[in-house]
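# Coordinates in review
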Amino acid sequence: MSGYVNSLSPEEEPYARKWFFYWEWDRYNPISMIDRVLSAFAEILFGDKKRETIIISVSATLMLLTVICNGIYVGGKYRIDNPPTEELSKITSSRAIYDDPCIDCPEVENGSLKVYRYSKDNLTPVNSKIHKVKYGIATDDGVNTGAKYPVKISFEKGLSEDGLGHIIDYHGNVVLTLPKIALSRISAKTKFYREVFAKERRQISFGKIDGTDRVVVLGENGSKRLLADNGSAIFYSEVLGSYGMCDKNGKIIVKPEQIDYTRSRLETEKICMFHKDDGAYIYNYDGKDITGKILESYYSGLEFIKNDHELDCVIYCYDNTKTGTGDINAHDYLRVVDYEGNIIADNIIYCRKIDSNKYLLTLEDNRQYILTGSDGKPVIIEEEGGFLSDDETINEKLMQDVKIRRGEKVESAAWVDEDHSLYRVSIERTEEVEGEYAHLRDYFFLKNNEKTISFMVDYPSKSDYMYSERYVFDACDFNAAYVDVNFDGHKDVVISLGHQGVAGEEVHCAYIYDNSGEFVYTKSFEIVPNYFIDEEENVLKGSYGSGPGGHVELTYKYENGEFAKISEEKKPN
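On a predicted model such as this, the values are computed, not experimentally measured, just so you know. (Residues numbered from 1 in each chain as written. Predicted model: local features only at pLDDT ≥ 70, side-chain atom pairs only at ≥ 80, totals over all residues. Heavy atoms only, no water.)

Let us now look at the sheet that holds strand β10 (residues 233–237). With antiparallel pairing, the 3 strands of this open sheet are ordered in space as β10-β11-β12. A strand with exactly one partner marks an edge of an open sheet, and here the two such strands are β10 and β12 (252–258). With direction set aside, neighbouring strand axes in the sheet form an average angle of 20 degrees. Pairing of strand β11 (residues 242–246) with β12 involves 3 bridges; the strand directions are antiparallel. For C246, the partnering residue across the bridge sits in β12 and is I252. (Pairing = 2+ DSSP bridges. Helix = DSSP H or I, 4+ residues; strand = E, 2+ residues; numbered from the N terminus. Axes fitted to C-alpha atoms, helices over the stretch in contact; angles between N-to-C directions.)

Dropping the structure here:
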């Protein structure tokens, strides 16, 4: 180029000076300078005849040496201090060797691992444009990847980018391959416009989210994105300027046509939210749109139920054109879907969070349901009218205490007494178990001044010892009564445990109200057969048959927290 510039005619020179930048570059770039120096020396030593031959020969030799040196990588003076194995002692590095201890590594048998990161330089001058460094990793359990990575391996929570379009683990195993489109080059002009005007810089990085090690993708604000449990990940395509989703092998499962991906509170290792030109959509990491279009006007009120609350579902307001209103400001229905896109509840007109893993839903027909979860699956309960009382204070406590697990449902819910003081919720099995009652347990709630008292009563298996606490005998209806059985002025809770023996005496268990304001289980009440209250004498009595035409009547006294028999009298029927 130097020769070209020097050969410009006077007529061409004014035109060429318009490209002053290129002139200056030609004058001072290294190749041109070397060319001028070699030309000067060759002309002095050999004259004009051999100058061109010498220049070509020297230049070709330099180029050949450059190619050879560029492909040869060597270590340096650095070695591993006190290497645990002989193989590790052979590794030399051009720069300091860093070790990265991995404690409690799931892939390592003894649960610990030391990883060494080293580097090798090629033989070109260190400060030259063609000087390159490659990096490798070695472990104390025998793995050595060799210096093959073009970027410095920097582990964060056990994962690193390798510069070759992969995410690797401590052993160099590929855990994620980025799609080729995410690795494509973008023109300098387009990148310049985006950097200056769109401010969109995105890269792959790593971090710890929700206590689990995962690959993440950084957004423009540094917000972290997860690698899904199944290995899928969100990626950003600089070429297309948009987001997509790929599986761990780099196969695109959601095309990179999503314009935004910034609402991290709607994201876990199982779902994420994309924005398109017409609105927002929630996807699972199989690449399935599970919600359809979500109304933008409801973004601020959108509720996401986190997976750590045992609920894998989303409550959202769906496209109101489906309701027939067509008005984005009109009231629209809510819907609950699980992470596979199955509709759990629809036509919801009201939703309120009442506990860490419970939501109160009101449907279009004004019936109330409880959304909760079991074993990571969303569950709708209260299908037959529900278990909520007509007292809001009791309902708040009820929502906190009542637990409904997989394989269970609400058997009944009602006030025990006519004064609506004691409320009871009964839970039963959904499937029959041979030899067992369907009834599992009861929750009782008592509104006492400003305080709501609650307690749970469960029952042993029929196969348990007959004298176990609250053992349930035959023909039990679990009937409950709210009555004062120890005559202290406070009512107690008595529950039927069925009929015992040949004569079929009815057995009950009792929870006695004590001075601390709680109900205390009292085992001794279960020895009272066929209990009844003698209101004339104001005492607790029991009875059992004593043969044809007669029975025995027993009198009990409550003292020191126990019921004790104080008299026994045989009477005719």
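After presenting the structure, the write-up continues.
To continue, consider the nonpolar core. F444, V493, I495, Y511 and F519 are the most contacted members of the largest nonpolar core, which has 23 residues in total. Here this core takes 4 residues from strand β28 (residues 505–513), the largest share from any one element. Judged by nonpolar contacts, the second largest core, of 16 residues, contains I394, W415, Y423 and I427. (Core = buried A, V, L, I, M, F, W, Y, C linked by side-chain atoms within 4.5 Å. Buried < 20%, exposed > 50% of the residue type's maximum accessible area, 1.4 Å probe, protein only.)

Attention shifts here to helix α8 (residues 392–401). Listed as buried for α8 are I394, N395, L398 and M399. Buried residues along α8 cover an arc of 135 degrees about the axis, so they all sit on one side. Put simply, D391 is the residue that caps the front of α8, since its side-chain oxygen is 2.9 Å from the backbone nitrogen of T393. (Arc of directions from axis to C-beta. Polar contact = N/O pair within 3.5 Å; in protein donor to acceptor, adjacent residues only side chain to side chain.)

Moving on: the pairing of strand β29 (residues 519–522). Bridge count between β28 and β29: 4 bridges; the pairing is antiparallel. Considered in β29, the bridge of I512 is made with V520. Hairpin geometry of β28 and β29 is characterised by an intervening segment of 5 residues between the two adjacent antiparallel strands and by a positive phi of about 85 degrees at G517.

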